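Structural characterization, general
This is what each chain is made of:
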Amino acid sequence: MSSRDARWFAVLAASLGFVAIGCSCGPDRPGADSGPFDAGIADVGIGDAGIGDAGIGDAGIGDAGIGDAARADGGPPGDEVRITLCPGDALPSLPSGACEATAGDGNLLITADVLTPGEVLRGGQVLVDTTGTIRCVGCDCSSHAGASSATRVSCPDGVLSPGLINSHEHLTFQGEPYARTTERFEHRHDWRKGLRGHTRIPANMTEGASETQLGELRMVMGGATSVNGSGGRAGFVRNLDRRSLHEAGFTQPEVLYQTFPLDDSGGTLRASGCDYGSGRDTAATATSADSYTPHMAEGIDREARNEFLCSHEGATDLIQDQTALIHGVALLPVDMQQMASAGTMLIWSPRTNVTLYGETARVTEYDRMGVSIALGTDWVSTGSMNMLRELQCADELNATYFDHHFSDQALWLMATRNAAAAMAMDDVIGTIAEGLVADLAIFDARVHVDHRAVIDAANTDVVLVLRAGAPLYGDAALVEALPNGGAGCDQIDVCGTAKRACVMREIGVTYQALYDGAMAGRRAQPPFVCGTPANEPSCRPERDGASASVLGSTVYSGLVSASDPDGDGIEAGDNCPSVFNPIRPLDMGAQADADGDGVGDACDPCPLDPGTTDCTSFDPLDPDRDGVREPMDNCPTVANPDQRDTDGDGKGDACDPCPSVPNPGAMSCPASIYRIKRGELASGSMVSDLRGVVTAIVPTGFLMQVPTDASDYDGPDFSGVFVFTSSRPSDRSIGELVSVTGPVTLYFDEWELNRPAVASLGTASVPPPVVVTPDLIATGGARATALEGVLVQVDGVAVTSANPDAPSDYGELAVTGGLRVDDWMISLAPYRTVGTTFTTLIGVLSYRNANSKLSPRSAADIVSP
């Protein structure tokens, strides 16, 4: 079986709920550096390390057929859990604690409730030999060689799980969580670089070893034994992307971790076209590794999805069976289907996604499309402090927002077997099975049982963590009773429970010395907390800040109610009333429903097949299922059976941002303010070097017009446009000539530019206001649309209503001809008396709250008799 076949078999088996049996195949191949987290900041190098076996290994669970059996069906078909009652289930609870140990030799015999895929062995046994290898899994391992003299760990109220595997971290970035605000972002470059009017979140890279080591210890104290962490230090967890840091009992190839697969660390944003960095990864990069984990599609806009579209073609096709895609927030079902077909997995980091973007990957869709999902924490700045908190975030989302789509077992698998498969290391870790490495964790089950004992665990509930059978952390008395367990293991108090952490043995310093060195100046997070972590990043989906709606996206608080049971802000007409699926910027104004059957993708059993639960098979040459196969399809990712191409540029109208003007290949749409305001560009189109003179500054942006001396000046109609920056642009001034690059947006029927990059080009003359009668620019007036965004002037008018929106008070006036006068830039308080007359009113015409309004810029724009 080839490496690709083995990985595909693992994904297929996971989707069916089977325990897979496979082989370890394929030669070792050289790895590559994961690249910088931020421009100019390099990750730890990895040198020439082999990338090899992606096989699955023996995953059988041994003899479990002893005693009575019960069945707990906690999820969808294929996700059933068999409960097998073993003799050890009759052990009485201990006077205190979940486990006790009886000293023996270097072998280890554990009796506990053993979690394996598809089955829980209540009172089962696991035998670990002196090499740290699992030799028996079943109801009774006492007759196996080495069992009679083994050190015995008896856990009448303990659950034995594989050590948790964190499939996505940035261990060299430690520090306190960022200060939470209501601001949410649309793409990772928005917060990384402060693009499109957003606030930059600084990356807290920590150069010292102690901070990273404390971060690794924090993972161990949360039940983890391995991490795909973009670097690391010797000791504690296995750093799966650094072969030299795999630790004892492990001889695996390393994961190829990539933060910027498109070579876009400088902040490149593309809504269409694939003009990213010249050093981007290629298909050969992905296939050179057994596990390739690139960050991709991190965001909720077209720019984020475009990264995937540009990474699934020819020589730059990164969607391979070796790939486990990190984040994947902006993907649609057709993209997920392509991932499933290729055997590509998803690495899900829900807390950081929700904190930054207001929602996370549509994992219910991923699951239905057959994509296997692993779990990772991302980083402490916006993610979870350990895997337990990440599991609890996933569980909260599942229960509150995903209508309990995933079973408890499915969530646990994301942190164990699935994570191991994503790392192409499921032939050695991730499952409790004979022949695998004994990376194990025991959790207190006196309150919560089976998989819930892991999902609901706090730091005090982590009873014991073993790496290749040797203790790293656990209850003090238990660690002390293990072979050489007390040597080099510091005693510490964890929320009132005596624990031992083997810090001296792992890194050669005491726990206190490590703690003091890492926490000096609060450069790192503590290794544990009692209760909910202070300032923990949010796990509640919400986008209800001042700039939450982008391209018609939904504003929501994430609070559920009788009228909005899924908390997505959509009440009447919600096409998934029980599953969270707000409109994202990439959805272009409507809840996602790929097959148009009225059932939203997030809750549709077959998101690409209308009105059925019998999903059709995937044709890789017709990913959009419109009946036109590649390479003939002129919109391969958007269904358009008619193949209409109005401008003849080879791009179908359905996917052409400017269908009436040719823009072949990666060419941007020809742009001008006139074309934007006439609606000749599709919402979301990117424009570059669009020039205009600033005519007004407003609390959320500025307005600009085509200068009258510009070569493309074509009169005042359609010559002005609003530039949304989300906050007042203090670096702009009236009369400044600027160049704007960014996306075009249709926002509540007004064409504007959404959070673009702006460069100053000097100064220019502000066009004189267009003198018109008020009725022509009032709501519905003959010139209201053409002069929107333009400086206008009306003469000889009087106030006809001091509050046209009574009883609400928006600070507006209505004057002769029904024209609204708005207080967008200055207060109109001195003039709010019916009959007040004006010799002249000057201002920018805008369309706000369903009305055309003239907005004076200063007192100089209001001339009284």
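Residues numbered from 1 in each chain as written. Predicted model: local features only at pLDDT ≥ 70, side-chain atom pairs only at ≥ 80, totals over all residues. Heavy atoms only, no water.

So, on to the state of the cysteines. Throughout the structure, instances matching the rule amount to 9 disulfides. A disulfide bridge connects Cys489 with Cys502, and the sulfur atoms are separated by 2.0 Å. Disulfide Cys489-Cys502: the torsion about the S-S bond is 90°, which places it as right-handed. Here Cys502 lies in the loop between strand E22 (497–501) and helix H14 (503–507) and Cys489 lies in the loop between helix H13 (476–481) and strand E21 (490–494), a separation of 13 residues in the sequence. With a relative accessible area of 0%, Cys502 lands in the buried category. Two residues share a disulfide in this structure: Cys606 and Cys615, whose sulfurs sit 1.9 Å from each other. Judged by the sign of its S-S torsion, about -90°, the cystine formed by Cys606 and Cys615 is left-handed. (Disulfide = S-S within 2.5 Å. Helix = DSSP H or I, 4+ residues; strand = E, 2+ residues; numbered from the N terminus. Buried < 20%, exposed > 50% of the residue type's maximum accessible area, 1.4 Å probe, protein only.)

With parallel pairing, the 3 strands of this open sheet are ordered in space as E10-E11-E12. Each having just a single partner strand, strand E10 (164–166) and strand E12 (238–239) make up the two edges of the open sheet. Bridge analysis of E10 against strand E11 (residues 224–227) gives 3 bridges, and the strand direction is parallel. The partner of Leu164 across the bridge, within E11, is Ala224. Along the sheet face, helix H9 (residues 387–400) touches E10 and E11 and points at about 85° away from the line of E10. (Pairing = 2+ DSSP bridges. Contact = heavy atoms within 4.5 Å. Axes fitted to C-alpha atoms, helices over the stretch in contact; angles between N-to-C directions.)

Among the structural elements, Glu169 can be located in the loop between E10 and helix H2 (188–193). A polar atom in the side chain of Glu169 sits 3.0 Å from the side chain of Thr377. For Glu169, the contacting residues outside a window of four places in its chain are Met219, Val227, Asn228, Gly229, Ser230, Tyr257, Thr377, Asp378, Trp379, Val380 and Ser384. (Polar contact = N/O pair within 3.5 Å; in protein donor to acceptor, adjacent residues only side chain to side chain.)

Another aspect to go through is the environment of Arg732. When you line up the elements, Arg732 lands in the loop between strand E25 (720–724) and strand E26 (736–747). Here Arg732 is in contact with Ile697, Phe702, Val738, Val758 and Ser760, once residues within four sequence places are set aside. Polar contacts involving the side chain of Arg732 include one to the side chain of Glu736, which spans 3.1 Å.

In this section: the pairing of strand E18 (residues 440–444). Counting buried positions along E18 yields 5 of 5 residues, so the element is predominantly enclosed. By the bridge criterion, 5 bridges tie strand E9 (residues 150–162) to E18 in an arrangement that is antiparallel. Counterpart to Leu160 in the pairing with E18 is Ile442.

So, on to unusual backbone geometry. Following Ala806, the chain continues to Pro807 via a peptide bond in cis, the omega torsion being 10°. Here the phi dihedral of Asp403 falls at roughly 55°; this positive angle occurs in a residue that is not glycine. Looking at where Asp403 falls in the secondary structure, it is placed in the loop between H9 and helix H10 (408–414). For Asp403, a relative accessible area of 46% gives the class partly exposed. The phi angle at Ala468 is positive, at roughly 50°, despite the residue not being glycine. Looking at the element boundaries, Ala468 is found in the loop between strand E19 (462–467) and strand E20 (470–475).

What follows covers the pairing of strand E24 (residues 701–705). Taken across its 5 residues, E24 has 5 buried, putting it largely inside the fold. Neither face of E24 is open: one carries Gly701, Leu703 and Gln705, the other Phe702 and Met704, and all of them are buried. Strand direction decides the pairing type here: strand E23 (residues 686–698) and E24, joined by 5 bridges, are antiparallel. Looking at the pairing, Ile697 lines up with Phe702 of E24. Counting the residues that bridge the hairpin from E23 to E24 gives 2 residues. Here E24 pairs with E25 via 5 bridges, running antiparallel. Bridge assignment links Leu703 to a residue of E25, and that residue is Phe722.

For the rest of this paragraph, the subject is the confidence of the model for the protein chain. In this model, the protein chain carries an average pLDDT of 86, and 89% of its residues clear a pLDDT of 70 or more. pLDDT under 50 marks residues 1–77. Its contacts with residues more than four places away, or in other chains, come to 219 contacts. (pLDDT = per-residue confidence, 0-100.)

The next thing to look at is the nonpolar core. Ranked by internal contacts, the top residues of the largest apolar core, which has 84 residues, are Leu164, Leu217, Met339, Leu346, Trp348, Tyr366 and Phe443. Looking at this core element by element, the count peaks at 6 residues for H9. For Tyr366, the residues in contact, after removing those within four places along its chain, are Gly328, Leu331, Met336, Met339, Leu346, Ala361, Val371 and Ile373. Formed by 28 residues, the second largest nonpolar core is a distinct cluster that contains Val128, Cys139, Leu160 and Val463. (Core = buried A, V, L, I, M, F, W, Y, C linked by side-chain atoms within 4.5 Å.)

A word on helix H5 (residues 302–309). Taking burial as the measure, the 8 residues of H5 include 6 buried ones, the bulk of the element. Within H5 the residues assigned to the buried category are Glu303, Ala304, Arg305, Asn306, Glu307 and Phe308. Buried positions along H5 lie against strand E14 (292–296), strand E15 (324–327), helix H6 (333–342), E23 and E26.

Before going further, it helps to spend a moment on the packing of helix H7 (residues 350–357) against H9. Direction vectors running N to C along H7 and H9 enclose 65°, while the axes themselves pass 8 Å from each other. Accordingly, the angle class assigned to the pair H7 and H9 is roughly perpendicular. Between H7 and H9, the contacting residues are Pro350, Arg351 and Val354 on the first element and Arg389, Glu390, Cys393, Ala394 and Leu397 on the second. Looking at the contact of H7 with H9 residue by residue, the class counts come to 5 nonpolar, no polar and 3 charged. (Parallel < 35°, antiparallel > 145°, perpendicular 65-115°, else oblique. Nonpolar A, V, L, I, M, F, W, Y, C, P; charged D, E, K, R; others polar.)

What follows concerns the environment of Leu586. As for its placement among the helices and strands, Leu586 is situated in the loop between helix H15 (511–519) and helix H16 (673–677). On the accessibility criterion, Leu586 (9% relative accessible area) is buried. Taking C-alpha positions, Leu586 is 9.4 Å from Gly299, a pair spaced 287 residues apart along the chain. Among residues more than four places away in sequence, those in contact with Leu586 are Ile300, Asp301, Arg302, Ala330 and Leu332.

The final tally for this structure, using the stated rule, is 9 aromatic pairs. With centroids separated by 5.5 Å and ring planes inclined at 65°, the aromatic side chains of Tyr831 and Phe838 adopt a geometry described as edge-to-face. Take Phe838: its relative accessible area is 2%, and that puts it in the buried class. A cation over an aromatic ring shows up here: Arg848 above the ring of Trp824, its NZ or CZ 4.2 Å from the ring centre. (Phe/Tyr/Trp six-rings, centres within 6.5 Å; stacked < 30°, edge-to-face > 60°. Lys NZ or Arg CZ within 6 Å of the ring centre and 35° of its normal.)

Between H5 and H6, the shortest axis-to-axis distance is 11 Å and the interhelical angle comes to 30°. On the basis of the axis angle, H5 is roughly parallel to H6. Crossing handedness for the pair H5 and H6: left-handed. Contact with H5, carried on its side by Arg305, Phe308 and Leu309, involves Val334, Asp335, Gln338 and Met339 of H6 and no other residues of that element. Its residues placed into classes, the contact of H5 with H6 shows 4 nonpolar, 1 polar and 2 charged. (Left-handed = near helix turned anticlockwise from the far one by under 90°.)

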